[in-house]
Structure formats: C-alpha cells, structure tokens
Amino acid sequence: RTGGADRIPKLSHIMAKKKVLLMGKAHSGKTSMRSIIFANYLARDTMRLSPTLDVEHHHVRFLGDLVLNLWDCGGQDAFYESYFERDRETIFRSVELLIYVFDIESDNPEKDFDHFAGVLEAMEENSPDARIFVLVHKMDLVAEEERELILDDRRRLIEESCRGVGVQHFQCFGTSIWDETLYKAWSEIVTNLIPNIGVLERHLSDFCGICDADEVVLFERATFLVISHAQAQEGKIHAVEETGRQKIFHEDKEGDEEETTDAAVLESNEDGFEDVQTSPSPPSAVSPTADPPASPGGNATLSTIPSNQNAMKGVGRQIAHSPTPQFDAHRFEKISNIVKQFKLSCGKAQSQFQGLHVSNSKFTAFIDAFTANTYIMVIISHKDPAWGQGTHTAATLLNIRKARNHFEQFIPRS
C-alpha cells in the first residue's frame, strides 16, 4: 500500500549515468552479450561482430531514466598494458559496476587470471565501492553433465583471486548466449543499479496479493530483463482461498484500508485497483523448488509446439495433485528469452507486440504492457474448473490497467 514512508523523489533526479566496465580477454564474448541484451541481436547474428579495439563507449538507456555508460574494453594484451599504466585512472575511476568475462574455453587461463588480478587491484585503488560481477562465459561448450563441477572449480579460483587483493564481495554466473543464463546474469546486474528497488518490490508484492496471483514479474520494456518479481505467501494463499475473495487495494487520501467484496461486480476507482469475488476452493500446496540444469542450446521462438510450451511449466503455484511438483529456477529468464525473440519477430513483420494471454487447465498467464518502460506478467493458478472465463480474466486485466498509473511513480517516464 502507499503510505508516507514510501513517497520517494522523482527518480529522474537521482538516476544519473552509471559507469559500467565490461572487461575480459579478447574473443571472450563481451560484445556479443552486450549486443544481444541491448541491441536486439539474435545469438546467431553475433558471428558477424568484429573484435573490440581499445575502448568502445555506449550509452544504454534502461527503464527510461537510467543511463548505463558502458565501457566495452578490448581484451588484447597490448590494451591491458595501456589500461594498467597510461590510462589507469581514466579507465578505473568512478566505476559503479565491473563486469568481468572469462572464456571457459580459454587456451591460457593463467594469463586471464593475471589480467583479472590487475583489474581488481586497479578497481580497489580507484573505485573501491564498485560492485563486481564475474561471468564464466560460453558454458554451452561444456558437456552438460560437467558444467556444475567445472563452474564450481572456476568460481573457487575467482574467489581466491578476489581475496588476494582484498575484494570480499562479488557475484559469479555461468553464462551462454544460446540460453536463458545470459538473461539471468544481466537481470541481476542491472537491478543492482535501480534505486528504491525495495519500495518497488513491496508494492509489487501488494499487487500480487490483490490479484490473488501466484507470481507477478516485472520486465524492462526494451531488453525484457527481469527487474522485480513477487510470489504469493502460503498463508495468504490459504486465507484468500478459504474466503473465496480477493483483497482490495486502494490508494486513499483519507487513509489506507483493505476490504473484501461480496459482489462479482467490477467498480472503477481512480486511485486504486479493482477487485472481484472468486469462488472458494480447496487450498493448493506451494511446491518445493528445484534447480534443473541449464539449457544447452538454441534461441527460442514463440509457438504452440510442446517444446516451447514447456517454458511455462513451473511458472504458477503447482496444484496439489500434480505428480511432480517443482519450480523451474530459470523460468523467468526462459520467458524473457522467448518473448523477446517473439517481440523482435513482430517488429520484423511491422507489427507491434502488446501482450500475451496463455491458459491451460492448470493456470493462466497474462503478459501485458504495463508502465511506459515495463511489461508485467501475472500468473494465476486455477482454483476451480471455471477459472479463466468471464469475470476472472476481466478482473485481472482491469487490475493491470488500473495499476499502471500507481506504478509510474516508481518507474517514471523518460
């Protein structure tokens, strides 16, 4: 709910340019991943990219007002000599975030770690408060059954290098341009640059409860990276199911109140969200989570064939009678990948992507344009066979529409 403590200044006043260093050896895949995330390249199209020479500067707009001043640094040995000597202060001062990329197939890992240690020393000297992300890239080239073991070993070596120069905090990801792991890593990276992310998450959690949703996910409009998500709490799920009603959220100038409605009628409210009574049903069980192996291949395109429908599995709360209940730990990033490729396909056909509505016997998923700079996904599992028909779907879509103005204050227009 919106109270005085959550009133925040316009983000445009505090979202200045953020200097981001993208570093790693030559041919490690830095420019390819940047082009996929920010320039709408397909993975197969990156083959035509040329190696980066010296430093390329890119100003990337994210969420409208957040500008990433991205320094894509060439990885040839001669350039590293320049970075560490002549241009040391220019390169490494005032850095908000360092992204260092290791090529898992490198033929000279010792030299890679020497360069990495030199970069860490320069960062400690010039930007000691910068956040550090390390991407172990091209993991698709490693046999699937060996990936976890090899990544753990490489993570151990990275941790030793960090501790050797006094760096205590870093995050490490295994990535590939051919699957959702790239989206997972970059979603984590960019959300570290969003101010007041905690406030946004609290309001998204409120909205999740209002819609009686299992999960709500917020995607950045241009990149389709995940920037926030909320999941239903088990106690709240059961409380709603027992009453058969959704909560009403109102942004009320006289005060904040929560109510329930007895009528299956939608009423418009300029300041709040909408609500409708739902049919009671037996409580569903929240399933345990599981972390399946990362996908080894191909960019996904949206279709109705089973291989792509599998990307939606594990998205909603699992129904109690499901024989193998589990969550896919990469479900959001898989959907990012699929929907972004479909969105690009729409553009090539001179059509504009607005949203999706996917439904089966277990759940309904709504993906719709939300604020000026985001899309939203709402996942609702079916509590009775009639769910997804008539007022249930209309209520959810209306709540999404009415919530847009409320969330604009946290993600303002550019």
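Here, the structure is the one placed above.
This is a predicted model, so every value here is computed, not measured.

A.B. asks: I tried to follow the state of the cysteines on my own but got confused; where do I start?
C.D. replies: The term disulfide refers to a covalent linkage connecting the sulfur atoms of a pair of cysteines. With the rule as written, the count across this model stands at zero disulfides. Note on cysteine 162: no disulfide assigned, nearest cysteine sulfur contributed by cysteine 172 at a separation of 8.9 Å. Accessibility expressed as a relative area gives 0% for cysteine 162, which makes it buried.

A.B. asks: Sorry, what's going on with the pairing of strand E2 (residues 55–62) here?
C.D. replies: Residues in a regular strand point their side chains to alternate faces of the sheet. Across eight bridges, the pairing between E2 and strand E3 (residues 66–73) is antiparallel. The residue of E3 that forms the bridge with histidine 57 is tryptophan 71. Where E2 folds back on E3, the antiparallel hairpin that results is connected by three residues, among which leucine 63 adopts a positive phi of roughly 55 degrees.

A.B. asks: It is not clear to me how the environment of serine 82 should be interpreted in this structure. Could you clarify?
C.D. replies: Structurally, serine 82 can be placed in helix H2 (residues 77–84). Given a relative accessible area of 13%, serine 82 falls into the buried group. As for serine 82 and aspartate 54, which are separated by 28 residues in sequence, their C-alpha atoms are 9.1 Å apart. Apart from residues no more than four positions distant in its own chain, serine 82 is found in contact with Asp87 and Arg88.

A.B. asks: Even after reading the chapter, I still don't get the sheet that holds E2, so can you show me in this structure?
C.D. replies: Hydrogen bonds between backbone groups are what pair the strands of a sheet, and the pairing can be parallel or antiparallel. Here we have six strands laid out as an open sheet, ordered E2-E3-E1-E4-E5-E6, and mixed in their pairing. Across the chains shown, the open sheet's two edge strands, defined by having one partner strand only, are E2 and strand E6 (171–174). Pairwise comparison of adjacent strand axes, ignoring direction, gives a mean angle of 20 degrees for this sheet. Each of strand E1 (18–24), E2, E3, strand E4 (97–103) and strand E5 (131–137) touches helix H1 (residues 30–38); the most contacted strand, E3, lies at about 155 degrees to it. The sheet contacts of helix H4 (residues 109–126) involve E1, E4 and E5, and relative to E4 the element is tilted by about 175 degrees.

A.B. asks: Even after reading the chapter, I still don't get the environment of valine 20, so can you show me in this structure?
C.D. replies: Examined against the element boundaries, valine 20 turns out to sit in strand E1. The buried category is assigned to valine 20, whose relative accessible area is 4%. Along the chain, valine 20 and histidine 58 lie 38 residues apart, while their C-alpha atoms are 9.9 Å from each other.

A.B. asks: So what exactly am I meant to see when it comes to the pattern of salt bridges here?
C.D. replies: If charged atoms from side chains of opposite charge come close, those side chains can pair. Applying the stated rule across the entire model yields 17 salt bridges. Here glutamate 89 ties to arginine 93 by a salt bridge, and the two come within 3.4 Å at their closest N and O atoms. In this structure glutamate 89 comes out as partly exposed when scored by relative accessible area, which is 48%. Classification of arginine 93 as partly exposed rests on a relative accessible area of 42%. One salt bridge in this structure joins arginine 331 and glutamate 215, with 2.5 Å as the shortest N-O distance. Separated by 116 residues along the polypeptide, arginine 331 in helix H10 (residues 331–348) and glutamate 215 in strand E7 (residues 215–220) bring together distant segments of the chain. What makes arginine 331 buried here is its relative accessible area of 8%. Three or more residues are tied together by salt bridges with common partners; here these are Arg34, Glu56 and Asp72.

A.B. asks: Sorry if this is basic, but what is going on with the nonpolar core here?
C.D. replies: One recurring pattern in soluble globular proteins: nonpolar side chains tend to sit buried together. By size, the foremost hydrophobic cluster in this structure holds 51 residues, and its most contacted members are Phe62, Ile99, Leu135, Trp186, Phe207, Ile376 and Val378. In contact with isoleucine 376, not counting residues within four places along its chain, are Leu204, Phe207, Val216, Val217, Leu218, Phe366, Ile367, Asp368, Phe370 and Ile400. Listed in part, the 32 residues of the second largest apolar core include Trp71, Cys73, Met139 and Ile158.

Parameters at a glance
Every chain is numbered on its own, with residues counted from 1 as its sequence reads. Given that this is a predicted model, residues contribute local features only at a pLDDT of at least 70 and side-chain atom pairs are listed and counted only at 80 or more, while totals for whole chains, interfaces and linings are drawn from all residues. Neither water nor hydrogens contribute to the side-chain values; these are computed over all heavy atoms in the structure. When the sulfur atoms of two cysteines come within 2.5 Å, that pair is taken as a disulfide. Only protein chains enter the accessibility calculation, which uses a 1.4 Å probe; a residue whose area is less than 20% of its type maximum is buried, one above 50% is exposed, and one in between is partly exposed. Here, a strand pair is defined by DSSP locating no fewer than two bridges between the strands. Where helices and strands are cited, they refer to DSSP runs of H or I of at least four residues and of E of at least two residues respectively, numbered from the N terminus. Contacts are assigned to residue pairs with any non-hydrogen atoms lying within 4.5 Å of each other. Only the contacting stretch of a helix is used when fitting its axis, a line to C-alpha atoms as for every element, and angles between N-to-C directions run 0 to 180 degrees. Salt bridge, as used here: a side-chain nitrogen of Lys or Arg that lies within 4 Å of a carboxyl oxygen of Asp or Glu. Nine residue types can take part in a nonpolar core, namely buried Ala, Val, Leu, Ile, Met, Phe, Trp, Tyr and Cys, and a core is a set of them joined through side-chain atoms within 4.5 Å.

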